[in-house]
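# Notes for the structure review
Listed below are the residues making up each chain.
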Amino acid sequence: MTIFPNHAALDYDDRIVRLVPGYPLSLDLMACMLATRFNGPCRILVPGCGTGAEVLALASLLPYARFTAVEPSPGMLEVARRKLALARMEDRVTFIQGMIDDLPDDQHDAATLSLVLHFLPDDGAKAALLAEIARRLVDNAPLLLFDAVWSNATDNALGFWLQQQGHDEETANAVLKRMNSQWHRPSPERVSQLLAEAGFSAIEPFFQAFGFLGLRAQRRQRR
Ligand SMILES: C[S@@+](CC[C@H](N)C(=O)[O-])C[C@H]1O[C@@H](n2cnc3c(N)ncnc32)[C@H](O)[C@@H]1O
(Lines give C-alpha, C1' and ligand atoms only; values in the text may rest on other atoms or scores of the structure.)
Protein backbone atom coordinates (compact mmCIF):
# COMPACT_ATOMS: atom_id res chain seq x y z
CA MET A 1 0.00 0.00 0.00
CA THR A 2 1.22 3.53 -0.78
CA ILE A 3 -0.17 6.25 1.42
CA PHE A 4 0.99 9.49 -0.14
CA PRO A 5 3.32 11.61 2.02
CA ASN A 6 2.02 15.09 2.83
CA HIS A 7 4.50 16.85 0.52
CA ALA A 8 3.12 14.90 -2.47
CA ALA A 9 -0.10 16.88 -2.14
CA LEU A 10 1.57 20.21 -2.89
CA ASP A 11 2.01 19.70 -6.63
CA TYR A 12 -0.12 16.57 -7.18
CA ASP A 13 -2.74 18.31 -9.34
CA ASP A 14 -0.09 19.72 -11.68
CA ARG A 15 1.87 16.47 -11.85
CA ILE A 16 -0.94 13.98 -12.37
CA VAL A 17 -2.21 15.48 -15.64
CA ARG A 18 1.32 15.16 -17.08
CA LEU A 19 1.77 11.59 -15.82
CA VAL A 20 -1.53 9.92 -16.68
CA PRO A 21 -2.84 10.27 -20.22
CA GLY A 22 -6.53 11.07 -20.28
CA TYR A 23 -6.80 11.70 -16.53
CA PRO A 24 -9.05 14.81 -16.72
CA LEU A 25 -11.19 13.25 -19.45
CA SER A 26 -11.70 10.05 -17.46
CA LEU A 27 -12.98 12.12 -14.50
CA ASP A 28 -15.29 14.09 -16.81
CA LEU A 29 -16.67 10.85 -18.25
CA MET A 30 -17.28 9.47 -14.75
CA ALA A 31 -19.18 12.64 -13.87
CA CYS A 32 -21.29 12.40 -17.05
CA MET A 33 -22.13 8.74 -16.40
CA LEU A 34 -23.29 9.48 -12.87
CA ALA A 35 -25.09 12.69 -13.85
CA THR A 36 -27.22 10.76 -16.31
CA ARG A 37 -27.93 8.07 -13.72
CA PHE A 38 -28.88 10.33 -10.78
CA ASN A 39 -30.93 13.50 -11.01
CA GLY A 40 -31.81 13.75 -7.32
CA PRO A 41 -30.17 13.17 -3.94
CA CYS A 42 -27.63 10.36 -3.85
CA ARG A 43 -24.56 9.33 -1.85
CA ILE A 44 -21.27 8.71 -3.57
CA LEU A 45 -18.31 6.94 -2.00
CA VAL A 46 -14.81 8.04 -3.06
CA PRO A 47 -12.06 5.94 -1.45
CA GLY A 48 -8.54 7.29 -2.01
CA CYS A 49 -9.98 10.69 -2.93
CA GLY A 50 -6.50 12.26 -2.94
CA THR A 51 -6.71 16.01 -3.52
CA GLY A 52 -10.40 15.78 -4.36
CA ALA A 53 -10.31 15.87 -8.16
CA GLU A 54 -13.02 13.23 -8.56
CA VAL A 55 -15.28 14.80 -5.94
CA LEU A 56 -14.96 18.20 -7.63
CA ALA A 57 -15.65 16.82 -11.10
CA LEU A 58 -18.66 14.86 -9.86
CA ALA A 59 -20.05 17.51 -7.53
CA SER A 60 -20.11 20.06 -10.34
CA LEU A 61 -22.44 17.90 -12.47
CA LEU A 62 -24.45 16.33 -9.64
CA PRO A 63 -25.87 19.23 -7.62
CA TYR A 64 -27.87 17.02 -5.21
CA ALA A 65 -25.15 14.43 -4.55
CA ARG A 66 -23.39 14.04 -1.21
CA PHE A 67 -19.97 12.47 -0.95
CA THR A 68 -17.99 10.34 1.47
CA ALA A 69 -14.37 11.14 0.67
CA VAL A 70 -11.91 8.74 2.30
CA GLU A 71 -8.15 9.31 2.21
CA PRO A 72 -5.35 7.99 4.43
CA SER A 73 -2.92 10.86 3.71
CA PRO A 74 -3.63 13.95 5.85
CA GLY A 75 -1.80 16.20 3.36
CA MET A 76 -3.85 15.00 0.38
CA LEU A 77 -7.10 15.24 2.35
CA GLU A 78 -6.28 18.78 3.49
CA VAL A 79 -5.85 19.91 -0.15
CA ALA A 80 -9.17 18.21 -1.02
CA ARG A 81 -10.88 20.03 1.84
CA ARG A 82 -9.44 23.38 0.72
CA LYS A 83 -10.44 22.89 -2.93
CA LEU A 84 -13.99 21.86 -2.04
CA ALA A 85 -14.26 24.82 0.33
CA LEU A 86 -13.08 27.20 -2.42
CA ALA A 87 -15.76 25.75 -4.70
CA ARG A 88 -18.28 26.21 -1.84
CA MET A 89 -19.07 22.51 -1.91
CA GLU A 90 -17.49 21.33 1.34
CA ASP A 91 -20.84 21.00 3.13
CA ARG A 92 -21.76 18.25 0.65
CA VAL A 93 -18.71 16.17 1.58
CA THR A 94 -17.94 14.03 4.63
CA PHE A 95 -14.15 13.85 4.79
CA ILE A 96 -12.68 10.84 6.53
CA GLN A 97 -8.97 10.52 7.11
CA GLY A 98 -8.28 6.80 7.04
CA MET A 99 -8.92 3.62 5.13
CA ILE A 100 -12.24 2.36 3.88
CA ASP A 101 -12.37 -0.07 6.82
CA ASP A 102 -12.65 2.99 9.08
CA LEU A 103 -16.05 3.79 7.55
CA PRO A 104 -19.34 2.71 9.05
CA ASP A 105 -21.30 0.28 6.88
CA ASP A 106 -23.54 3.09 5.50
CA GLN A 107 -24.92 2.36 2.08
CA HIS A 108 -23.97 4.48 -0.94
CA ASP A 109 -25.61 4.78 -4.37
CA ALA A 110 -22.34 4.82 -6.34
CA ALA A 111 -18.56 4.76 -5.91
CA THR A 112 -15.49 5.81 -7.82
CA LEU A 113 -11.99 4.41 -7.44
CA SER A 114 -9.38 6.35 -9.37
CA LEU A 115 -5.67 5.52 -9.41
CA VAL A 116 -5.69 3.59 -6.13
CA LEU A 117 -5.89 -0.11 -7.00
CA HIS A 118 -2.43 -0.31 -8.61
CA PHE A 119 -0.83 0.49 -5.26
CA LEU A 120 -2.17 -2.71 -3.75
CA PRO A 121 -0.58 -6.09 -4.44
CA ASP A 122 -2.76 -8.81 -5.92
CA ASP A 123 -2.30 -10.97 -2.84
CA GLY A 124 -5.78 -10.41 -1.47
CA ALA A 125 -5.31 -6.66 -0.89
CA LYS A 126 -6.94 -5.58 -4.18
CA ALA A 127 -9.78 -8.05 -3.61
CA ALA A 128 -10.28 -6.81 -0.04
CA LEU A 129 -10.56 -3.15 -1.10
CA LEU A 130 -13.10 -3.98 -3.82
CA ALA A 131 -15.10 -6.14 -1.39
CA GLU A 132 -15.14 -3.31 1.19
CA ILE A 133 -16.50 -0.98 -1.50
CA ALA A 134 -19.12 -3.53 -2.62
CA ARG A 135 -20.25 -3.95 1.00
CA ARG A 136 -21.04 -0.22 1.19
CA LEU A 137 -23.05 -0.02 -2.04
CA VAL A 138 -26.75 -0.57 -2.57
CA ASP A 139 -27.78 -3.25 -5.07
CA ASN A 140 -27.18 -2.23 -8.71
CA ALA A 141 -25.02 0.75 -7.67
CA PRO A 142 -22.38 1.70 -10.25
CA LEU A 143 -18.66 1.57 -9.46
CA LEU A 144 -16.47 3.60 -11.80
CA LEU A 145 -12.89 2.43 -11.74
CA PHE A 146 -9.95 4.13 -13.42
CA ASP A 147 -6.46 2.69 -13.11
CA ALA A 148 -3.32 1.35 -14.69
CA VAL A 149 -3.34 -2.09 -16.22
CA TRP A 150 -0.47 -4.15 -17.56
CA SER A 151 0.37 -2.88 -21.03
CA ASN A 152 3.73 -3.99 -22.34
CA ALA A 153 2.81 -2.97 -25.87
CA THR A 154 2.16 0.69 -25.11
CA ASP A 155 4.75 1.50 -22.41
CA ASN A 156 7.27 2.78 -24.98
CA ALA A 157 4.65 5.10 -26.42
CA LEU A 158 3.74 6.20 -22.91
CA GLY A 159 7.40 7.10 -22.36
CA PHE A 160 7.28 9.21 -25.52
CA TRP A 161 4.01 10.83 -24.41
CA LEU A 162 5.60 11.69 -21.05
CA GLN A 163 8.36 13.54 -22.92
CA GLN A 164 5.72 15.43 -24.93
CA GLN A 165 4.36 16.61 -21.56
CA GLY A 166 7.71 18.25 -20.77
CA HIS A 167 9.48 15.47 -18.87
CA ASP A 168 13.08 14.85 -19.91
CA GLU A 169 14.05 11.37 -21.12
CA GLU A 170 15.62 10.40 -17.80
CA THR A 171 12.48 11.33 -15.86
CA ALA A 172 10.21 9.55 -18.35
CA ASN A 173 12.33 6.40 -18.02
CA ALA A 174 12.24 6.68 -14.24
CA VAL A 175 8.43 6.89 -14.32
CA LEU A 176 8.23 3.76 -16.49
CA LYS A 177 10.71 1.97 -14.22
CA ARG A 178 8.64 2.86 -11.16
CA MET A 179 5.48 1.62 -12.86
CA ASN A 180 7.21 -1.67 -13.56
CA SER A 181 8.90 -2.15 -10.22
CA GLN A 182 6.51 -0.61 -7.70
CA TRP A 183 3.04 -0.66 -9.22
CA HIS A 184 0.91 -3.76 -9.19
CA ARG A 185 -0.66 -3.58 -12.64
CA PRO A 186 -3.02 -6.47 -13.34
CA SER A 187 -4.19 -7.43 -16.81
CA PRO A 188 -7.58 -5.99 -17.84
CA GLU A 189 -9.00 -9.53 -17.59
CA ARG A 190 -7.72 -9.85 -14.03
CA VAL A 191 -9.36 -6.54 -13.02
CA SER A 192 -12.67 -7.83 -14.38
CA GLN A 193 -12.18 -11.09 -12.48
CA LEU A 194 -11.41 -9.24 -9.24
CA LEU A 195 -14.51 -7.08 -9.71
CA ALA A 196 -16.70 -10.12 -10.37
CA GLU A 197 -15.36 -11.91 -7.30
CA ALA A 198 -15.99 -8.82 -5.16
CA GLY A 199 -19.68 -8.77 -6.13
CA PHE A 200 -19.84 -6.70 -9.31
CA SER A 201 -21.35 -7.55 -12.69
CA ALA A 202 -22.05 -5.78 -16.01
CA ILE A 203 -18.39 -4.84 -16.25
CA GLU A 204 -17.56 -2.80 -19.31
CA PRO A 205 -14.91 -0.31 -20.37
CA PHE A 206 -15.74 3.38 -20.69
CA PHE A 207 -12.23 4.66 -21.42
CA GLN A 208 -8.71 3.57 -22.32
CA ALA A 209 -5.55 5.57 -22.97
CA PHE A 210 -2.48 3.34 -23.35
CA GLY A 211 -2.41 1.27 -20.17
CA PHE A 212 -4.90 3.39 -18.25
CA LEU A 213 -8.31 1.78 -18.25
CA GLY A 214 -11.72 3.01 -17.12
CA LEU A 215 -14.25 0.32 -16.21
CA ARG A 216 -17.86 0.63 -15.23
CA ALA A 217 -19.28 -2.13 -13.02
CA GLN A 218 -22.50 -2.65 -11.13
CA ARG A 219 -23.02 -3.97 -7.61
CA ARG A 220 -24.74 -7.36 -7.98
CA GLN A 221 -28.05 -7.78 -6.22
CA ARG A 222 -27.86 -9.44 -2.83
CA ARG A 223 -30.04 -12.51 -2.55
C1 LIG B 1 -2.68 8.56 -7.20
S2 LIG B 1 -3.64 9.14 -5.85
C3 LIG B 1 -5.27 9.21 -6.59
C4 LIG B 1 -6.11 10.28 -5.96
C5 LIG B 1 -7.45 10.53 -6.68
N6 LIG B 1 -8.32 9.39 -6.56
C7 LIG B 1 -7.23 10.90 -8.12
O8 LIG B 1 -7.68 10.18 -9.02
O9 LIG B 1 -6.58 11.92 -8.34
C10 LIG B 1 -3.80 7.72 -4.84
C11 LIG B 1 -4.35 8.04 -3.46
O12 LIG B 1 -4.77 6.84 -2.83
C13 LIG B 1 -4.38 6.88 -1.46
N14 LIG B 1 -4.30 5.46 -1.04
C15 LIG B 1 -3.27 4.61 -1.09
N16 LIG B 1 -3.63 3.39 -0.67
C17 LIG B 1 -4.95 3.47 -0.36
C18 LIG B 1 -5.93 2.53 0.12
N19 LIG B 1 -5.62 1.28 0.38
N20 LIG B 1 -7.18 2.98 0.33
C21 LIG B 1 -7.52 4.26 0.05
N22 LIG B 1 -6.65 5.18 -0.40
C23 LIG B 1 -5.38 4.79 -0.61
C24 LIG B 1 -3.07 7.64 -1.46
O25 LIG B 1 -2.78 8.23 -0.21
C26 LIG B 1 -3.31 8.68 -2.53
O27 LIG B 1 -3.82 9.89 -2.03
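Relevant structure appears above.
So, here is what we can say about the structure in this document. (Residues numbered from 1 in each chain as written. Predicted model: local features only at pLDDT ≥ 70, side-chain atom pairs only at ≥ 80, totals over all residues. Heavy atoms only, no water.)

### Describing the overall build of the protein chain
Along the protein chain, the regular secondary structure elements total eight helices and seven strands. Its C-alpha atoms give the protein chain a radius of gyration of 17 Å, within 12% of the compact-globule value 17 Å for 223 residues. Residues counted as buried form 50% of the 223 residues belonging to the protein chain. Long-range pairs, those at least 24 residues apart, make up 75% of the contacts in the protein chain between residues at least 6 apart in sequence. Side-chain charges of the protein chain comprise 22 positive and 26 negative groups, with the mean position of each set lying 4 Å from the other. (Helix = DSSP H or I, 4+ residues; strand = E, 2+ residues; numbered from the N terminus. Rg over C-alpha atoms; globule rule 2.2 N^0.38 Å. Buried < 20%, exposed > 50% of the residue type's maximum accessible area, 1.4 Å probe, protein only. Contact = heavy atoms within 4.5 Å. Lys, Arg positive; Asp, Glu negative; His and termini not counted. Charge placed at Lys NZ, Arg CZ, Asp CG, Glu CD.)

### Things to note about the nonpolar core
Of all hydrophobic cores here, the largest spans 50 residues; its most connected members are Tyr-23, Ile-44, Phe-67 and Phe-212. In this view, Tyr-23 contacts Tyr-12, Ile-16, Val-17, Ala-53, Ser-114, Leu-115 and Phe-146; residues no more than four positions away in its chain are not counted. Within the second largest apolar cluster, 27 residues are counted, among which are Leu-45, Leu-117, Ile-133 and Phe-200. (Core = buried A, V, L, I, M, F, W, Y, C linked by side-chain atoms within 4.5 Å.)

### Examining the site of the ligand
Taken together, the neighbourhood of the ligand is formed by 20 residues, with Tyr-12, Tyr-23, Glu-54, Glu-71 and Ser-114 sitting nearest. Contact between the ligand and Tyr-23: an oxygen atom at 2.6 Å from a side-chain N or O atom of the residue. Compared with its free state, where it exposes 590 Å², the ligand has 98% of that area covered by protein. A per-class count over the shell around the ligand returns 13 nonpolar, five polar and two charged. (Near = heavy atom within 4 Å. Polar contact = N/O pair within 3.5 Å; in protein donor to acceptor, adjacent residues only side chain to side chain. Areas by Shrake-Rupley, 256 points an atom, 1.4 Å probe, with all protein chains shown as cover. Nonpolar A, V, L, I, M, F, W, Y, C, P; charged D, E, K, R; others polar.)

### Section: the side chain of His-167
Within the element layout of this structure, His-167 appears in the loop between helix 6 (155–164) and helix 7 (169–181). Here the side chain of His-167 touches Arg-18 through a polar contact of 3.1 Å, landing on its backbone oxygen. Sequence-distant contacts of His-167, defined by excluding residues within four places in its chain, comprise Arg-18, Leu-19, Leu-162 and Ala-172.

### As for the packing of helix 6 against helix 7
In contact at an axis separation of 9 Å, helix 6 and helix 7 are set at 140° when each is read in the N-to-C sense. Comparing the axis directions of helix 6 and helix 7 gives the class oblique. Note that helix 6 runs across helix 7; the crossing there is right-handed. Residues Asp-155, Leu-158, Gly-159, Leu-162 and Gln-163 of helix 6 form the contact with helix 7, whose participating residues are Glu-169, Ala-172, Val-175, Leu-176, Met-179 and Asn-180. Of the residues in the contact of helix 6 with helix 7, the class split is six nonpolar, three polar and two charged. (Axes fitted to C-alpha atoms, helices over the stretch in contact; angles between N-to-C directions. Parallel < 35°, antiparallel > 145°, perpendicular 65-115°, else oblique. Left-handed = near helix turned anticlockwise from the far one by under 90°.)

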